[in-house]
Amino acid sequence: MKASEAIIKCLIEEKVNTVFGYPGGAIVSVYEALRKSKIHHVLVRHEQGAAHSASGYARVSGKTGVCITTSGPGATNLITGIASAYMDSIPLVVITGQVRSDMIGRDMFQEADITGATESFTKHSYLVKEANELPRIMKEAFYIAATGRPGPVLIDVPSDIQDARIDFVYPEWVDIRGYKPTLKGHIGQIKKAAKAIAESERPLIVAGGGVTLSHAEPELLSFVEKTGIPAAHTLMGKGALPSGNAHYVGMIGTHGFPEANAALSKSDLLIFIGARIADRTWGGASEKLLENTRIIHIDVDPAEIGKNVGTQIPVVGDAKQILLDLNEKVESKNTAGWISEIQSFKKSGTRKETQAVNPKYAIKLLSDMLSDEAILVADVGQNQLWAARNFEDRMGRKFLTSGGLGTMGYALPAAAGAKLAAPERQVVAVVGDGGFQMSMSELGTISANKMGIVILLFNNGRLGMVRELQDQVYKATSGVDLDKNPDFIKLCEAYGMKGMRVSRDAELEAAFQKALRSKGPFVVECMVDAHESTL
Amino acid sequence: MNRHILSVLVENQSGVLSRVSGLFSRRGYNIDSLSVGETENPKISRMTIVVQGDDHILEQIKKQLNKLIDVIKVAELDVHQSVFRELALIKVKTTMAARASIIEIVDIFRAKIVDVANDTLTVEMTGDEEKIEAFINIMAPYGIVEIVRTGLSAIERGNKEIKKYEED
Ligand SMILES: Cc1ncc(C[n+]2csc(CCOP(=O)(O)OP(=O)(O)O)c2C)c(N)n1
Ligand SMILES: [Mg+2]
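Residues numbered from 1 in each chain as written. Chains lettered and ligands numbered in written order. Predicted model: local features only at pLDDT ≥ 70, side-chain atom pairs only at ≥ 80, totals over all residues. Heavy atoms only, no water.

1. Notes on the overall build of chain B
Okay, step 1: Across its full length, chain B holds 4 helices and 9 strands.
Okay, step 2: Expressed as lengths along the three principal axes of its C-alpha atoms, the size of chain B is roughly 55 × 35 × 30 Å.
Okay, step 3: Here chain B, with 168 residues, has 43% of them falling under the buried criterion.
Okay, step 4: Looking at chain B alone, contacts between residues at least 24 apart form 73% of all its contacts between residues at least 6 apart.
Okay, step 5: Split by element, the accessible area of chain B, about 9200 Å² in all, is 51% carbon and sulfur.
Okay, step 6: Charge-centre separation for chain B: the mean point of 22 positive side chains lies 3 Å from the mean point of 26 negative side chains. (Helix = DSSP H or I, 4+ residues; strand = E, 2+ residues; numbered from the N terminus. Buried < 20%, exposed > 50% of the residue type's maximum accessible area, 1.4 Å probe, protein only. Contact = heavy atoms within 4.5 Å. Areas by Shrake-Rupley, 256 points an atom, 1.4 Å probe, with all protein chains shown as cover. Lys, Arg positive; Asp, Glu negative; His and termini not counted. Charge placed at Lys NZ, Arg CZ, Asp CG, Glu CD.)

2. Quick notes on the sheet that holds strand β5 (residues 124-127) of chain A
The strands that make up a sheet pair up through hydrogen bonds in the backbone, lying either parallel or antiparallel.
Residue and element names in this part refer to chain A.
Okay, step 1: If you trace the 6 strands from one edge of the open sheet to the other, you get β2-β1-β3-β4-β6-β5, paired in parallel fashion. With one partner strand each, in any of the chains shown, β2 (40-43) and β5 form the two edges of the open sheet. For this sheet the average axis-to-axis angle between neighbouring strands, irrespective of direction, equals 20°.
Okay, step 2: Of the pairings in the sheet, the one linking β5 to strand β6 (residues 152-158) comprises 4 bridges and is parallel in character. (Pairing = 2+ DSSP bridges. Axes fitted to C-alpha atoms, helices over the stretch in contact; angles between N-to-C directions.)

3. A closer look at the coordination of the magnesium ion (ligand 2)
Residues and elements named next belong to chain A.
Okay, step 1: Of the protein atoms, only Asp 433 (OD), Asn 460 (OD1) and Arg 462 (O) coordinate the magnesium ion (ligand 2), at distances of 2.1 to 2.2 Å.
Okay, step 2: Mapped onto the sequence, the donors of the magnesium ion (ligand 2) take the spacing D-x26-N-x1-R. On the criterion of sequence distance, the pair formed by Asp 433 in helix α20 (residues 433-438) and Asn 460 in the loop between β16 (454-459) and α22 (464-474) is long-range, its members being 27 residues apart. Assigned by exposure class, Asp 433 and Asn 460 land together as buried. (Donors = N, O, S within 2.8 Å, 3.2 Å for Na, K, Ca; no water.)

4. With respect to the site of ligand 1
All names here are of chain A.
Okay, step 1: The full set close to ligand 1 counts 17 residues, and Gln 382, Asp 433, Gly 434, Gly 435 and Gly 464 are the nearest of them.
Okay, step 2: Between an oxygen atom of ligand 1 and a side-chain N or O atom of Asn 383, the distance comes to 3.0 Å.
Okay, step 3: Met 408 is positioned such that a nitrogen or oxygen atom in its backbone is 3.3 Å from a nitrogen atom of ligand 1.
Okay, step 4: Protein chains bury 77% of the 580 Å² of accessible surface belonging to ligand 1 in isolation.
Okay, step 5: For the shell around ligand 1, the elements supplying multiple residues, two or more each, are α18 (382-390), α20 and α22. (Near = heavy atom within 4 Å. Polar contact = N/O pair within 3.5 Å; in protein donor to acceptor, adjacent residues only side chain to side chain.)

5. Quick look at unusual backbone geometry
Trans peptide bonds make up most of the peptide bonds, and negative phi angles are found at most residues other than glycine.
All names here are of chain A.
Okay, step 1: Here the phi dihedral of Ile 277 falls at roughly 55°; this positive angle occurs in a residue that is not glycine.
Okay, step 2: Following the sequence through the fold, Ile 277 ends up in the loop between β10 (269-273) and α13 (279-282).
Okay, step 3: Phi at Lys 484 takes a positive value of approximately 60°, unusual for a residue other than glycine.
Okay, step 4: With respect to the helices and strands, the residue Lys 484 is situated in the loop between α22 and α23 (488-494).

6. Some words on the pattern of salt bridges
Two side chains carrying opposite charge are able to pair once their charged atoms lie near each other.
Okay, step 1: Scanning the model with the defined rule gives 36 salt bridges over all chains in all.
Okay, step 2: We note a salt bridge from Asp 88 of chain A to Arg 59 of chain A, for which the minimum N-O separation is 3.1 Å. Residue Asp 88 of chain A is found in the loop between α5 (79-87) and β4 (92-98), and its partner Arg 59 of chain A is found in helix α3 (residues 47-61); the two are separated by 29 residues along the sequence. For the residue pair Asp 88 of chain A and Arg 59 of chain A, the accessibility class agrees, reading buried in each case.
Okay, step 3: The closest approach of N and O atoms between Glu 219 of chain A and Lys 320 of chain A, which form a salt bridge, is 3.2 Å. Here Glu 219 of chain A, found in helix α11 (residues 217-227), pairs with Lys 320 of chain A, found in helix α15 (residues 319-327); they are 101 residues apart in sequence, far enough to count as distant.
Okay, step 4: The exposure class of Glu 219 of chain A is buried, given its relative accessible area of 11%.
Okay, step 5: In this structure, a network of salt bridges that share partners links the residues Arg 149, Asp 301, Glu 304 and Lys 307 of chain A together with Lys 67 of chain B. (Salt bridge = Lys/Arg side-chain N within 4 Å of Asp/Glu carboxyl O.)

7. Quick look at the pairing of strand β1 (residues 2-11) of chain B
All names here are of chain B.
Okay, step 1: Most of β1 is tucked away, with 8 of its 10 residues classed as buried.
Okay, step 2: Examined bridge by bridge, β1 and strand β3 (residues 44-53) share 10 bridges and lie antiparallel to one another. Paired with Asn 2 across the two strands is Gly 53, which belongs to β3.
Okay, step 3: Here 5 bridges tie β1 to strand β4 (residues 71-76), and the two strands are oriented antiparallel to one another.

8. What about the packing of helix α3 (residues 96-108) of chain B against helix α4 (residues 129-139) of chain B?
Residue and element names in this part refer to chain B.
Okay, step 1: Between α3 and α4, the least distance of the axes is 11 Å, while the angle of their chain directions is 170°. Looking at the two axes, α3 sits roughly antiparallel to α4. In this structure, α3 contributes Ile 102, Ile 105 and Val 106 to the contact, and α4 contributes Phe 135, Ile 138 and Met 139.
Okay, step 2: Residue composition of the contact of α3 with α4, by class: 6 nonpolar, no polar and no charged. (Parallel < 35°, antiparallel > 145°, perpendicular 65-115°, else oblique. Nonpolar A, V, L, I, M, F, W, Y, C, P; charged D, E, K, R; others polar.)

9. Quick look at the sheet that holds strand β14 (residues 398-401) of chain A
Residues and elements named next belong to chain A.
Okay, step 1: Strands sit in the order β14-β13-β15-β16-β18-β17 across an open sheet of 6 strands; the sheet is parallel. Sheet topology places β14 and β17 (498-502) at the edges, where each strand pairs with a single neighbour. Going across the sheet, the axis of each strand differs from the next one's by a mean of 15°, ignoring polarity.
Okay, step 2: Inspection of the sheet shows strand β13 (residues 375-378) paired to β14 by 4 bridges, in the parallel sense. Bridge pairing in β14 links Val 377 to Leu 400.
Okay, step 3: Seen against the sheet, helix α24 (residues 508-517) touches β16, β17 and β18 (522-527) and runs at an angle of roughly 160° to β18.

10. As for the interface of chain B and chain A
Okay, step 1: Taken together, the contact pairs 22 residues of chain B with 18 residues of chain A.
Okay, step 2: Both faces considered, chain B and chain A share a buried interface measuring about 1600 Å² in area, 43% of it formed by carbon and sulfur atoms.
Okay, step 3: Summed over the shared surface of chain B and chain A, the number is 2 salt bridges.
Okay, step 4: Close ionic contact of Asp 301 of chain A with Lys 67 of chain B constitutes a salt bridge, the shortest N to O distance being 2.6 Å.
Okay, step 5: The interface formed by chain B and chain A holds 9 residue pairs in polar contact (both at pLDDT 80 or more) in total. (Buried area = accessible area lost by both parts, 1.4 Å probe.)

11. A word on the environment of Pro 141 of chain B
All names here are of chain B.
Okay, step 1: If you trace the backbone, Pro 141 turns up in the loop between α4 and β8 (144-149).
Okay, step 2: Exposure remark for Pro 141: the relative accessible area of 69% places this residue in the exposed category.
Okay, step 3: C-alpha of Pro 141 to C-alpha of Phe 24: the two residues are 117 residues apart in sequence and 36 Å apart in space.

Structure representation (structure tokens):
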């Protein structure tokens, strides 16, 4: 068969039933094979959307997201999406067309060195030189993308290779000598961790995105309940533990909650699980803090251990497996005093009445109205943090966002991908007027595929997050006014979508009810005061 | 800052060198030299990388290298248990009068003259870095036209093999 047909066969072997893509001259051979297959191809409206959609799809389905584009501009348009997935450890397999292999390097029409361009934010990449190697490469790519610390893998396939004939044999397994991720934690280290936990007085769990990536939520819950240790989370760790749990502390970091950050500074033992302890997480915590705090760091990527923060007890491996082992070695602790101390740092916010919609209240209200299985996809900016801070976590809920790269324009396409992965679940995209316009091309994809998602658009006429930063630092703003915003409701209507504009809190409930009952996509545009604060 | 010598086994494939060197520049690691060539197994290449950095940086370098799929093994060589060699080709200006004294120095250093022209001599020398530096310093007054160096290659003494290193 043709190698392009083999690519599709490999996808079927990997149980891929949905791909996101955009065709072009250098990938038509694959598209022809795709046409003849049962795989659902979702035509995005911009390639960046393909990568974000595949990311949303992966986060919700637990499978590897797949996108396919042509060479040159098709491939380079993917870059931001690939980098976003890389920073958040999302498994993707990205297939790009390339110019004929004998022409590579001559600056052909639509030639771009995409393996080179994405080198620093792909987990691995291949430029296929032998058609016969394709099945092995595909098998390896799916294996590498999904195992260990997940991430995007790119396969660049020259057009003549796509047309070459090969004997198709899909390898049964992979053997990559340079890639053997450690999954099971070292038992000696786990014992040390258990001992440190037993000795500690003010232990604090900090759950990161790795907990949800390894589906370790149930094991984390057992760990928390068995030991009684309070648990905070990072932005990416949102959803690791239900907010209703008595041990739940909330989000730490620069935009976290005061009680969570206070717990971080006062703890004598920090247990990081599946977190890379990034600058935004560590945020304000001082170096001095480290002198009095011991750190247990559980992560599947050994390079994360000790990278940002020194660690006394590293445990390398998969969060789920390590927690299973650790749960057998830990005992119940008396943490009641410590937990009430943490709770005492809570600052009770009073709800401000504004002329416009209070976005924090809007998210709280929506959160209450959504089912336990709802998925919320937040864009970047103030809207992201309003969402992160006010969307209640329940077991089974999901919160998706571009945490590492902080990519505006993520929410619309990622929500589309999420909806395709779980059509029966409620999916809400929370987005600002800036981020909306970065990806509004995907309204086409959402509408054409009749995706019943709710778009909650916070219109503050500003790049609000930057406005706030400038106001704080320079007492003046520059380049943040979104003058002449379009009529977003009309715009959505032009795409055949329904929508409602809301200017007062009192109108929110009715609007959300309408949105949630709507079969197709529905936009709720909330008019927000330009000076609304993030926290 | 300490110098460290890393020996790295990698898949002998295109793109590997770019991945390794890209890693160093992008993460801001200082690299003194990098040399690479095929090993006893033609599918595997071995790199010798001389890096500078404190323990924390060195540990990160090792871990980040190990993260690359094409990297099979990373070992830091013990300076006292290893042999280091570098090859340098040095083109020196000469005159009739100076030629004899240059040849004398070349002999003392156990280097080799590989090309003679009317007004230049090209010397090939192998040795550890200090030896090469010393030779270059002595040649400087004669006038150095060009130098090309391979960067350090290193291997451990005795029956040790880096393939058999335990991952740390
Ligand atoms: C692609 C991209 N460009 C620029 C930024 C920098 N940035 C961070 S937040 C923000 C403002 C976002 O504005 P909007 O989408 O309206 O959300 P708001 O903060 O107003 O809720 C900007 C420009 C970014 N994160 N991503
Ligand atoms: Mg805005």
